[in-house]
Amino acid sequence: MSAVIIARHARTPAERFKDAAWVAFVALLLGIPMVGLTTVDEGGALTVQTRFGMLGIFVGVSFAGRFVFRWIMDQVRGRRAAKPAVAKLDRTPLAIKTIGWAVLGASIALPIMFSENRYVIDTATTVLIYVMLGWGLNVVVGLAGLLDLGYVAFYAVGAYTYALLFSHFGWTFWEALPMAGAMAATFGILLGYPILRLRGDYLAIVTLGFGEIIRVILVNWTELSNGPNGIGSIPRPTLLGLPFERNPAEGTQSFASFFGLDFSGMHRIIFLYYLILVLALLTNVFVSRLRKLPVGRAWEALREDEIACKAMGMNVTNVKLSAFAIGAMLGGFAGVFFAARQGFISPESFTFTESATILAIVVLGGMGSQLGVVLAALVLVLLPELGRNFSEYRMLMFGTAMVLIMVWKPSGLLASREPTIRLNKALAMDNKAAGLGGQA
């Protein structure tokens, strides 16, 4: 039987050659404009030069790489098919917890190790913003199984709520934070209620349209949002009322003077990093606890089989609305921090590209996996940054890395999820002994 399985997975050299040749042909079509042709400035005139030698190397590497990759994958699949299935339930959670604690420790220590490197801390802050957004969207997509392509709308609602509350009423960051979350949750319910009967592609199209509607409103409703010019002079958060300024307002103390420190612009950068780290950790704890409550188990049941949920008497309407509301609320919180960090927002910051990036983080990390979102955010944010020295091929490298991830891990970086509830081991053994079945 194992020989039959191995034969089913194995490919002949001719099949590998044909597959590699097809990949090389695609590489040729894509490489002609990207690699084979380039523009140069000659005496003030822009001319096109050919680089067919480099193009040939690119196609050859693509052919050889695909051929070797298919051979390695065939060998790995053959060995896996020949081996009996071994349960790994006892090892996987320990490994995941170890990685999680290691990532948390590195996150806390990062500003200490790079206290004078603003670029590293700013990049890490951006990663944490996307981690928080990914965990929020993970509630809707990963847990409830509702495909949402307009998640950036809630991100924008949170940011603009803070900006408008400050502009018109003088609200601070801490005062506007809960109000922005409530406003984003309200918009989540307004989106979710009319589309409760939609599924799959139809749901994705409607949510995509909702995200574009919010962006178009922000662009055209100039009396409210100042249109394409955006809203500036948004105040940054303070630490217990202590601003991170060199010259604070009369009668107030700055952070540096209160603690007897020399003023440094890095104080504000590090504070913003730790602030988003705390917000992200609270989001993780909040979502993890919700998964163990009845509403969290209802989300996962809805994701697996909506018809069965209805047959069991579950109120599917409330379950969907709760997922949309909570996911939107978390996106609103991230939007408030984004506005406070940037000090300026405009509709151009909330395009469909942002929604696609957040969704890619959830999918690549493994839908429903909290740690997977962190790893995927690291990959999708750091890869473009690392590719800045190769600006000409930056997006090509980024796309290649995403393709390789989906080939290597089609279900995500961490596809396995820890069960929300485990059956009591003693009860399972009794049921098994009685012939009733059951697993621990």
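Scroll up to find the structure.
Residues numbered from 1 in each chain as written. Predicted model: local features only at pLDDT ≥ 70, side-chain atom pairs only at ≥ 80, totals over all residues. Heavy atoms only, no water.

**Focus on the packing of aromatic side chains**
Logical step 1: Across all of its chains, the model carries 11 aromatic pairs by this definition.
Logical step 2: Pairing Phe154 with Phe210 gives two aromatic rings, centres 5.8 Å apart and planes at 40°, and the pair type is tilted. Here Phe210 lies in helix H8 (residues 200-220) and Phe154 lies in helix H6 (residues 152-169), a separation of 56 residues in the sequence. In this pair, the class of Phe154 matches that of Phe210, namely buried.
Logical step 3: For the pair Phe173 and Trp174, a centre-to-centre distance of 5.0 Å together with 90° between the ring planes defines the contact as edge-to-face.
Logical step 4: On the accessibility criterion, Trp174 (43% relative accessible area) is partly exposed. (Phe/Tyr/Trp six-rings, centres within 6.5 Å; stacked < 30°, edge-to-face > 60°. Helix = DSSP H or I, 4+ residues; strand = E, 2+ residues; numbered from the N terminus. Buried < 20%, exposed > 50% of the residue type's maximum accessible area, 1.4 Å probe, protein only.)

**Focus: the pairing of strand E2 (residues 45-50)**
Side chains on a regular strand alternate between the two faces of the sheet.
Logical step 1: Pairing between strand E1 (residues 37-42) and E2: six bridges, direction antiparallel. Paired with Glu42 across the strands is Ala45, a residue of E2.
Logical step 2: The hairpin turn running from E1 into E2, its antiparallel successor, is two residues long, and Gly43 in that turn takes a positive phi close to 65°. (Pairing = 2+ DSSP bridges.)

**Things to note about a nonpolar patch on the surface**
Logical step 1: Judged by side-chain polarity, Trp22, Phe25, Val26, Leu28, Leu29, Leu30, Ile32, Met34, Leu37, Val48 and Phe52 come together as a nonpolar surface patch covering roughly 1,000 Å² of accessible area.
Logical step 2: Here Val26 lies in helix H2 (residues 13-36).
Logical step 3: Relative accessible area serves as the criterion here: at 33%, Val26 is assigned to the partly exposed category. (Patch = residues over 30% accessible without salt bridge, like charges linked within 9 Å, V, L, I, M, F, W, Y side chains within 5 Å. Areas by Shrake-Rupley, 256 points an atom, 1.4 Å probe, with all protein chains shown as cover. Salt bridge = Lys/Arg side-chain N within 4 Å of Asp/Glu carboxyl O.)

**Some details on the environment of Trp299**
Logical step 1: Tracing the sequence through the fold places Trp299 in helix H12 (residues 294-304).
Logical step 2: A C-alpha to C-alpha distance of 4.3 Å links Trp299 and Ala144, two positions 155 residues apart in sequence.

**Description of the packing of helix H5 (residues 118-143) against helix H14 (residues 316-342)**
Logical step 1: Where H5 meets H14, the axes come as close as 7 Å, and the angle between the chain directions of the two elements is 165°. The angle between the axes of H5 and H14 places the two elements in the roughly antiparallel class. The handedness of the crossing between H5 and H14 is left-handed. Across the interface between the two elements, Asp122, Thr125, Thr126, Ile129, Met132, Leu133, Gly136, Val139 and Val140 from H5 touch Ala323, Phe324, Gly327, Leu330, Gly331, Phe333, Ala334, Phe337 and Arg341 from H14.
Logical step 2: Residues that form the contact of H5 with H14 fall into these classes: 11 nonpolar, five polar and two charged. (Axes fitted to C-alpha atoms, helices over the stretch in contact; angles between N-to-C directions. Parallel < 35°, antiparallel > 145°, perpendicular 65-115°, else oblique. Left-handed = near helix turned anticlockwise from the far one by under 90°. Contact = heavy atoms within 4.5 Å. Nonpolar A, V, L, I, M, F, W, Y, C, P; charged D, E, K, R; others polar.)

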